[in-house]
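Each chain, written out:
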Amino acid sequence: MTLQQEIVGNAMQMAVVSLNPGQTVYCEAGKFLFKTTNVTMETRLSGPSDNGGRQSGGMGGMLRQAMGTAMQVGQRMLAGESLAFQYFTSRGGEGTVGFAGVLPGEMRALELDGTRAWFAEKDAFVAAESTVEFGIAFQGGRTGMSGGEGFVLEKFTGRGTVIIAGAGNFIDLNPADFGGRIEVDTGCVVAFEEGIRYGVQRVGGLNRQGIMNAVFGGEGLSLATLEGDGRVILQSLTIEGLANALRKAQGGDKQGPTGGLFSTHTG
């Protein structure tokens, strides 16, 4: 059943979700805004497939469930994600719940049909139907060490609606429309479909122009690469760019004229 939702607002959007009786939606802790009184709220460490947090199958089932939950929590902790999810279920009629991201920007509802997973940047997840599985995907060593934001990705599988959020405005691209490959700032990637190959490459060679790009271009040493045939969602504002702008407005800009390579930003 497709989640009935409406994304409203401009600079800071929110998702207003209409729940049928008995229907459940879950969100990452901190993304909830409001609900009607007939919608129950429950906070759990387990994911939506974990039998609703109920124990089953005797002692062996309880142990397997506990181990599975511990692994999920451990992955989310290593990834710097919220440890818990909040679940909302409509009782005794239709209900309404509101969610939002944490940065000024857009939101997008993605429809999963069970054939392709979606990957998203860390903290992009807002809410999803209980039929959508939330997981963590760790990129390989070289990609992870070089890519910054790309090391940890959120992974969504199953069928149903998942709502994500990003900073600034979104643009949808397909690398297949641009020769099969696009290169972007590592902080601009919001989400992409399974089948898209994500990687990281050095900006230029270790020559004069490559050093100029890295030192004065504001991009540091690496760019993200996206290859294949599928949907890619990019955002116009990076978290580091927003942080630098705020520091500059407060008179604390220490980045100077040299761009990303010598930035003192550590967040």
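## A look at the sheet that holds strand S17 (residues 222-227)
Spatial ordering of the open sheet is given by S14-S17-S16, a layout of three strands whose pairing is antiparallel. At either end of the open sheet lies a strand with only one pairing partner, and these are strand S14 (181-184) and strand S16 (197-202). Taking the axes of each pair of neighbouring strands and ignoring which way they run, one obtains an average angle of 30° across the sheet. Here S16 runs beside S17; their pairing, made up of six bridges, is antiparallel. By the bridge assignment, Gly199 is partnered in S17 with Thr225.

## Topic: the pattern of salt bridges
Side chains that differ in sign of charge can pair as their charged atoms come close. Taken as a whole and judged by the stated rule, the model has eight salt bridges. Two residues, Arg231 and Asp172, come together in a salt bridge whose shortest N-O distance is 3.4 Å. Here Arg231, found in the loop between S17 and strand S18 (232-235), pairs with Asp172, found in strand S13 (residues 170-173); they are 59 residues apart in sequence, far enough to count as distant. Taking relative accessible area as the criterion, Arg231 reaches 36% and is therefore assigned partly exposed.

## Brief notes about the sheet that holds strand S1 (residues 4-8)
Overall, antiparallel pairing links the four strands, which are arranged S1-S2-S7-S4 in an open sheet. Lying at the two open borders of the sheet, with one neighbouring strand each, are S1 and strand S4 (32-35). Recorded for the sheet is a direction-independent mean angle of 20° between the axes of neighbouring strands. Here six bridges tie strand S2 (residues 14-19) to strand S7 (residues 95-100), and the two strands are oriented antiparallel to one another. Across the sheet, residue Val16 finds its bridge partner in S7, namely Gly98.

## Some points on the confidence of the model for the protein
On average, residues of the protein carry a pLDDT of 80, and 69% of them reach 70 or more. Considering only residues more than four positions removed or in separate chains, one finds that residues 140-150, a stretch of pLDDT under 50, has 14 contacts. Note on residues 256-267: pLDDT is under 50 here. Beyond four places in sequence and across chains, it has 25 contacts.

Scoring rules and cut-offs
Residues numbered from 1 in each chain as written. Predicted model: local features only at pLDDT ≥ 70, side-chain atom pairs only at ≥ 80, totals over all residues. Heavy atoms only, no water. Pairing = 2+ DSSP bridges. Helix = DSSP H or I, 4+ residues; strand = E, 2+ residues; numbered from the N terminus. Axes fitted to C-alpha atoms, helices over the stretch in contact; angles between N-to-C directions. Salt bridge = Lys/Arg side-chain N within 4 Å of Asp/Glu carboxyl O. Buried < 20%, exposed > 50% of the residue type's maximum accessible area, 1.4 Å probe, protein only. pLDDT = per-residue confidence, 0-100. Contact = heavy atoms within 4.5 Å.

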